[in-house]
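Commentary on secondary and tertiary structure
Residues per chain are reported as follows:
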Amino acid sequence: MKLFSYWRSSASYRVRIALNVKGIEYDYVPVHLVKDGGEQHSEQYQEMNPARLVPTLVDENEGLTLNQSMAIVEYLDEAYPDTEQLVYGDKKSRALIRTIAYDVGCDIQPIANLRILNYLTDNLNMEADKKTQWAQHWIRTGFEALEKRLVKSSGKYCIGDKLSLADVCLVPQAYNATRFGVDLADYPTIQRVVDNCNQLQAFIDAKPENQPDAG
């Protein structure tokens, strides 16, 4: 198992958490998204992942290459059924888990992704402070709704007291929020769930600053 990853990519961060929670060993292959114009644009990487994004998971035993972090996590659930499952329960539970995960993965994170921010700078001549305001606005907009949802669904974690794909998505987005200057104290339920997750070794080991390419 190989994970092509960038230390500060929140999508890669999700997959690292999932692999760690499940106890699946993998080789970490750094892909620098900024150096020399971005290694994701190299011909070799594009052959593996035409989207030119991270992460990319390669399961050599299955001859399978996947991108899209949430699809990867669900693949790991199915490929390793004896590990901790991150999308679980009856149809209602699975739908709720996916709803919260997609709130982050579809409606919050992509709008302030690196390639979007680069486009704002390079093509629309947006100044750095305006770009930061852009990211803050969309994170806050998403977190205001997510806070209300988690008040109803959360226990220790996003869904009661059992880890799920929702937590796997939330923690990296909280990291992004802090990075862009969004105060999590405004979202006490989100803050509580994130703090609980970040006490677990699987989450600690997945943190951006703990990756071999950090810096």
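Anyway, here's the lowdown on the structure attached to this text.

Conventions adopted
- Residues numbered from 1 in each chain as written.
- Predicted model: local features only at pLDDT ≥ 70, side-chain atom pairs only at ≥ 80, totals over all residues.
- Heavy atoms only, no water.
- Pairing = 2+ DSSP bridges.
- Helix = DSSP H or I, 4+ residues; strand = E, 2+ residues; numbered from the N terminus.
- Axes fitted to C-alpha atoms, helices over the stretch in contact; angles between N-to-C directions.
- Contact = heavy atoms within 4.5 Å.
- Buried < 20%, exposed > 50% of the residue type's maximum accessible area, 1.4 Å probe, protein only.
- Parallel < 35°, antiparallel > 145°, perpendicular 65-115°, else oblique.
- Left-handed = near helix turned anticlockwise from the far one by under 90°.
- Expected span 1.5 Å × (residues − 1).

1. Quick look at the sheet that holds strand 3 (residues 56-59)
- Strands sit in the order 2-1-3-4 across an open sheet of four strands; the sheet is mixed. Each of the sheet's edge strands pairs with one partner strand only, and the pair in question is strand 2 (27-30) and strand 4 (64-66). On average, adjacent strands in this sheet sit at an angle of 20 degrees to one another, irrespective of strand direction.
- Packed onto the sheet, helix 1 (residues 10-22) meets strand 1 (2-5), strand 2 and strand 3 and runs at close to 150 degrees relative to strand 1.
- Contacts between helix 3 (residues 69-79) and the sheet are confined to strand 3 and strand 4, with strand 3 contributing the most and set at about 25 degrees to the helix.

2. Section: unusual backbone geometry
- With an omega of 5 degrees, the peptide bond between valine 54 and proline 55 qualifies as cis.
- Take proline 55: it is sitting in the loop between helix 2 (43-48) and strand 3.
- For arginine 52, which is not glycine, the phi torsion reads 60 degrees and is therefore positive.
- Mapped onto the secondary structure, arginine 52 falls in the loop between helix 2 and strand 3.
- Taking relative accessible area as the criterion, arginine 52 reaches 37% and is therefore assigned partly exposed.
- Look at glutamine 68: it is not a glycine, yet its phi comes out positive at around 65 degrees.
- Inspection of the secondary structure puts glutamine 68 in the loop between strand 4 and helix 3.

3. With respect to the packing of helix 4 (residues 91-107) against helix 7 (residues 165-179)
- With their axes 8 Å apart at the nearest point, helix 4 and helix 7 run at an angle of 20 degrees to one another. On the basis of the axis angle, helix 4 is roughly parallel to helix 7. With respect to the hand of their crossing, helix 4 and helix 7 are arranged in left-handed fashion. In contact with Ile97, Ile100, Ala101 and Val104 of helix 4, helix 7 contributes Leu165, Ala166, Cys169, Leu170 and Gln173.

4. Some thoughts on the environment of leucine 150
- In this structure, leucine 150 sits in helix 6 (residues 128-153).
- Judged by relative accessible area, which is 0%, leucine 150 ranks as buried.
- Sequence separation between leucine 150 and isoleucine 190 is 40 residues, and the spatial gap between their C-alpha atoms is 7.2 Å.
- Excluding anything up to four places from it in sequence, leucine 150 contacts Ile100, Cys158, Leu170, Thr189 and Ile190.

5. What about helix 1?
- The first and last C-alpha atoms of helix 1 sit 19 Å apart over 13 residues, in line with the 18 Å expected at 1.5 Å per residue.
- The buried fraction of helix 1 is high, at twelve of 13 residues.
- For helix 1, the complete set of buried residues consists of Ser10, Ala11, Ser12, Tyr13, Arg14, Val15, Arg16, Ile17, Ala18, Leu19, Val21 and Lys22.
- Downstream of helix 1 by one or two residues, glycine 23 has phi in the positive range, about 70 degrees.

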